[in-house]
Amino acid sequence: MKIKYLARILGAFALLTLTACGEKGESVKLQGAGASFPAPLYLKWFKSYSASKPNVQVDYQSVGSGSGVKSFMDRTVDFAASDAAMKPEDMAKVTGGVQLLPMTAGSIVLAHSLKDVPSLKLSREAYVGIFSGKITKWTDPAIASANPDAKLPDAPINVIVRADSSGTTFVFTKHLSAVNKDFAKDIGVNNMPNWPVGTRSKGNEGITASLLTTPGSIGYIEYGYAQSQKLPIAVLQNKAGNYVAPTTASATAALASGEMPADLIAWVSDPEGKDAYPIVTYTWMLFYKKYDNKAKAKALRELINYGLTDGQKESEGLGYVPLPPEVVTKVKAAAETIS
Amino acid sequence: MASVSSQTQIREEVAGWNPGQIWQPPTRAQRWYDNAFRRLCFIFAVFTILLIAWLVLEIAFRAMPAFRQYGLNFIYSTTWDPNKAQYGILPEIWGTLYTSLLALVVGSAFGVAAAIFLSEGYLGEIVFKGLKTVKLQHHPIWGKLPERFELLLKNLIELLAAVPSVVYGLWGLFVIIPMIRPACNWLHEQFGWFPLFSTTLSGPGVLPAVFVLSIMILPTITAISRDALVSVPPKLRMAAYGLGATRWETILGVLLPTASRGIFGGIVLGFGRALGETMALAMLVGNANRLTVSLFSPANTLAALLANSFPEAGAKDIPVLMYAALVLLAITLVVNIVGALVLERAAGKAEAK
Amino acid sequence: MSKDRISSKQELIPAQNDPVPNPFEGVDFAELELSLYRPRTLITIILSSLVTCMTFLALIPLFAVLWMLIWRGGQKLSLALFTQLPPAPLEQGGGFGNAIVGTLIMVGLAALITVPLGVLAGVYLAEAKGSQLAEVVRFAAKVLTGFPSILAGVFAYGAVVLATGGYSAIAGAIALSILMLPTIILTSESAVAMVPAKMKEASIGLGATGAQTVWMVLLPTAMPGILTGVMLAVARAAGETAPLLFTALFSNYWLASSGRVDFMQPTASLAVLIYNFSGMPFANQVELAWAAALVLVLLVLIFNLIGQSFSQPQIQQ
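Our subject in this report is the structure included herewith. All values reported here derive from a predicted model rather than from experimental measurement.

### A look at the overall build of chain A
Here's step 1: For chain A, the count of helices and strands is 14 helices and 11 strands.
Here's step 2: Seen through its C-alpha atoms, chain A measures out along the principal axes to roughly 85 × 55 × 35 Å.
Here's step 3: Within chain A, the fraction of its 339 residues that count as buried is 58%.
Here's step 4: Within chain A, residue pairs in contact and separated by at least 24 positions form 73% of the contacts whose partners lie at least 6 positions apart.
Here's step 5: About 13900 Å² of surface is accessible on chain A, with carbon and sulfur atoms providing 58% of the total.
Here's step 6: Each charge class in chain A was averaged separately, 36 positive and 30 negative side chains, and the resulting centres sit 8 Å apart.

### Notes on the side chain of A:Gln31
Here's step 1: Here A:Gln31 lies in strand S1 (residues 28-34).
Here's step 2: Residues contacting A:Gln31, with those up to four places away along its chain left out, are A:Asp59, A:Gln61, A:Val77, A:Asp78, A:Phe79 and C:Pro266.

### Quick notes on a nonpolar patch on the surface
Here's step 1: The grouping of B:Met64, B:Phe67, B:Leu72 and B:Tyr76 at the surface amounts to a nonpolar patch, some 410 Å² of accessible area in total.
Here's step 2: Structurally, B:Met64 is set in helix H2 (residues 28-70).

### Description of the sheet that holds strand S3 (residues 79-82) of chain A
Residue and element names in this part refer to chain A.
Here's step 1: Spatially, 8 strands are ordered S2-S1-S3-S11-S4-S8-S6-S7 in an open sheet, and the strand pairing comes out mixed. If you trace the sheet from one side to the other, it starts and ends with strand S2 (56-62) and strand S7 (199-201), each paired once. Here the strands of the sheet are splayed against their neighbours by 25 degrees on average, with no regard to which way each runs.
Here's step 2: Both strand S6 (residues 158-162) and S7 contribute to a ladder of 3 bridges, which runs parallel. When the sheet's bridge partners are listed, Arg 162 is paired in S7 with Ser 201.
Here's step 3: Most of the contacts of helix H2 (residues 39-52) go to S2, to which it runs at about 165 degrees, and overall it touches S2, S3, strand S4 (98-112) and strand S11 (280-288).
Here's step 4: Packing against the sheet, helix H5 (residues 124-132) makes contact with S4, S6 and strand S8 (217-222), and its axis sits at approximately 75 degrees to S6.

### What about the interface of chain B and chain C?
Here's step 1: With 83 residues of chain B at the interface, the matching set in chain C holds 79 residues.
Here's step 2: Inspection of the region where chain B meets chain C yields 1 salt bridge.
Here's step 3: Its salt-bridge partner being C:Lys142, residue B:Glu344 comes within 3.3 Å of it at the nearest N-O pair.
Here's step 4: At the junction of chain B and chain C, the tally comes to 10 residue pairs in polar contact (both at pLDDT 80 or more).
Here's step 5: Its residues assigned to classes, the side of chain B that touches chain C comprises 63 nonpolar, 12 polar and 8 charged.

### A look at the interface of chain C and chain A
Here's step 1: The partner chain A presents 29 residues to the 25 residues of chain C that form the contact.
Here's step 2: Interface area, chain C with chain A, both sides summed: about 2200 Å², of which 55% is carbon and sulfur.
Here's step 3: Taken together, the links from chain C to chain A amount to 0 salt bridges.
Here's step 4: Where chain C meets chain A, there are 1 residue pair in polar contact (both at pLDDT 80 or more).
Here's step 5: Across the side of chain C that touches chain A, the residue classes break down as 15 nonpolar, 8 polar and 2 charged.

Rules of the game
- Once a new chain begins, its residue numbering starts again from 1 and follows that chain's sequence as written.
- Both sets of labels track the order of writing: A upward for chains, 1 upward for ligands.
- For this predicted model, a pLDDT threshold of at least 70 governs which residues receive local features, and a threshold of 80 or more governs which side-chain atom pairs are given and counted, while totals over whole chains, interfaces and linings are taken from all residues.
- For the side-chain quantities, the full set of heavy atoms in the structure was used; hydrogens and water were omitted.
- Helix and strand assignments come from DSSP, with helices taken as H or I runs of at least 4 residues and strands as E runs of at least 2, each series counted from the N terminus.
- Remark: exposure states derive from per-residue accessible area (1.4 Å probe, protein chains only) relative to the maximum for the residue type, with buried under 20%, exposed over 50%, and partly exposed in between.
- By definition in these notes, contact holds between two residues if any of their heavy atoms fall within 4.5 Å.
- Here, Shrake-Rupley sampling with a 1.4 Å probe gives the accessible areas, and only protein chains in the shown set may cover a residue.
- A residue counts as positive if it is Lys or Arg and as negative if it is Asp or Glu; His and the chain ends are not included.
- In this description, the location of a charge corresponds to atom NZ of lysine, CZ of arginine, CG of aspartate or CD of glutamate.
- For patch building, the residue pool is restricted to those with more than 30% relative accessible area and no salt bridge; the joining distance is 9 Å between like charges and 5 Å between nonpolar side chains (Val, Leu, Ile, Met, Phe, Trp, Tyr).
- One speaks of a salt bridge when a side-chain nitrogen belonging to Lys or Arg is within 4 Å of a carboxyl oxygen belonging to Asp or Glu.
- Strand pairing is defined by DSSP finding a minimum of two bridges between the two strands.
- Here, axes are lines fitted to C-alpha atoms. For helices the fit covers the stretch in contact, and angles between N-to-C directions go from 0 to 180 degrees.
- Here a polar contact is recorded for every N or O atom pair within 3.5 Å, except that within protein the pair must consist of a potential hydrogen donor and a potential acceptor, and residues adjacent in sequence are included only if both atoms are side-chain atoms.
- Charged residues are taken to be Asp, Glu, Lys and Arg, nonpolar residues to be Ala, Val, Leu, Ile, Met, Phe, Trp, Tyr, Cys and Pro, and polar residues to be all remaining types, Gly included.
- Buried area is understood as the total, over both parts, of accessible area removed when two parts are fitted together, assessed with a 1.4 Å probe.

So, in structure tokens, the structure goes:
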């Protein structure tokens, strides 16, 4: 009986010492959440960064742009990521101010699971029609006319859209609305629009997984996901009328057609160039202008610096588009305002 | 007999915080301790009721803003469009009830069959007959096999309940859906006019969800039904055999009617479990907010809606989701209360016998 | 057949020439046999085989799931799984050590909350058997057993996450404890009620107070049953995903850093890992999901078996 009593006291003491010891060493833990679009690239950055700086841990959860922005506004995270930037009214709600920094860019591709038609060409009318629910079969004339030699299956098109609030969806619907006025009216630009068709999956990862397992399907994902899973990608018709495949060159050409304003939020909804790939976007990281914990602010500035220098070298390999150099200088300047 | 003063001395020496000492009338400290302990047990017991009340109140409180804004229209409308601020959970309510009812039909058919199998001891008989052919039925070790096999079977069915729901979802995604897709699409091509087969199975849908859901509620139904069947008084069974009934005539004519209250209670509890099941459905039901009767079409349930929408919900959406949670709470509470009541009546009836 | 008056002892012994009276006279054996030509026996055989088939059909999914787990999950089983952190997309290798630790910690915290609460409530129910309050509490516990796990998560979100301002292991533990509590209350009540009355009466007869009786007689005797209940509740909580989805969220890092364990931050868990990774297109992640599922099912099985092993001695009593 006495031994049990003693054991209990010793156990409590051990627990106390365990919690007490560990004050040595300034360890910084950064929590981030947000878009799934750049998640593979960010996660790679954070892992290499943490490996080189052992007392800094950066944790990122790919929960979707909408959820990331919400957590950022609730102050449950230290930074967030969003492809839809942030609405001005949301930015006003954050006390102390928000600093948006574009960290990378990428193209949204329409990946599909028609293995027999690896280079499917989709005209502007075709792909808007598919996602408005007006074109329901692969053998529809709008698709067949652009692909005269292809063996299109006589099957319904399984459209796959996002189930969660997504910046990728925002950019995609922005583009579709810019191309087609009816789409703008009926469905509009949104993180989570009321799609008339489609099964829903969570995250870029979910759409990719569904594309891999569902025959005759099409969905919109970031280029890196399609590339890593070797999914066939549709070749889209741009504003100039040419069919352009998504490559670093075509995406860079598209980005170049837009100006980067001072607040660093730029949209390229329907690029003009003849070699431009039609659907591209920057993707932003959201930071508070002021951090109470100065160590966190310092670690974040260093993290941003890493992303803008070494990080950009890794982006192309994972399917993203490196930022143009003039954008990089503007972002570096803006990053200094984080304290 | 010690004098009073020395008794007090001993008492004072031994008393204090020593709950183990009982050879003296309880000291004040021990009486205080006993009182405090009884109070504590009482408080903890009452806490259970308070917990349910707190659960309901917390969710209702957070749902209030949405309730004021949308009223009962929320339950009737079918559009779920957070951007246009149009919320309606009728497709989800339908999906929840539809999948649970279908799973209930399949699950209780198999569950009651398994319960009958267990209560009749078929496995034990088969093993016994096997042992008889090798003349081992009276062996001290081998002779115990029929009992062991019965116990093993009972444990295996209970093991179905131990597998976590997310593992069933994983299995359903990668095994069941590819497996049934060819058959379902064939059915759609041949019998597409039949409302149950009116769409193709592109991936997750009602049927895979129902399949997995029925596996998950089967152990509950089997366990409770088996207990009900086993607690039928043996004299009823013997009387039926004595009157010349065959085995199945006793089962269908005597045992099932007598145990019917308990079996019904088990089915209702299984239904309650199916209604509240989240993970397997979130992964398998397709998350499409549409009202559909087709077995192959994706649908949505209240629990899956909550699981998918909560992480992204903004401050505006949380009250709406809490409202949906309140509806789910109401449905499951009602079903669980009915089930518990039915089982209590059944148990009371058996005890009275 | 026998004479009315028995005149001598000789007549009591049946004559050697008289045939032994046939009690089965007039009975047609063909009618009594289990013959396939009789509809009643035919129905019996058909229904018996139907029920046997259905029972074994019901067991097939269990074996199918276990087989898939062992086949796909077993391929990736290695020590690295327990020591490494989850990999980023397109990264090879990695493990889920932090998820295992997270699950164990959250379930442990939940057990710490519910075991005292539940056992003492069960003791009260067993002791105050007839009272109205006991009936109500017991009924409430039975209703709580069917409580949807997602609603426990919703409640914990409202009560803990919104109140403390962040996702944490504590919120996850509280959600899990709502699910564990009814099981522990009901099993400890039945365990304490099963203690033979004479032991309790003897202890009271010796002059022990109620509290002393509980601590020194009832609880030690009922301990196997109570432990069974605790293990079953723990097994169930270890497998739950929905309550943790938005209370503990997920984390890619260890819970403890530089010697300190922080309970107030998002925590990884096996169940949420499986859910997250199962929807990913990356083969490495999916394989890890299978391996994690195997580890989780093994964990749950071990808890169940430990719990059942405790209850065996009680049955023999």
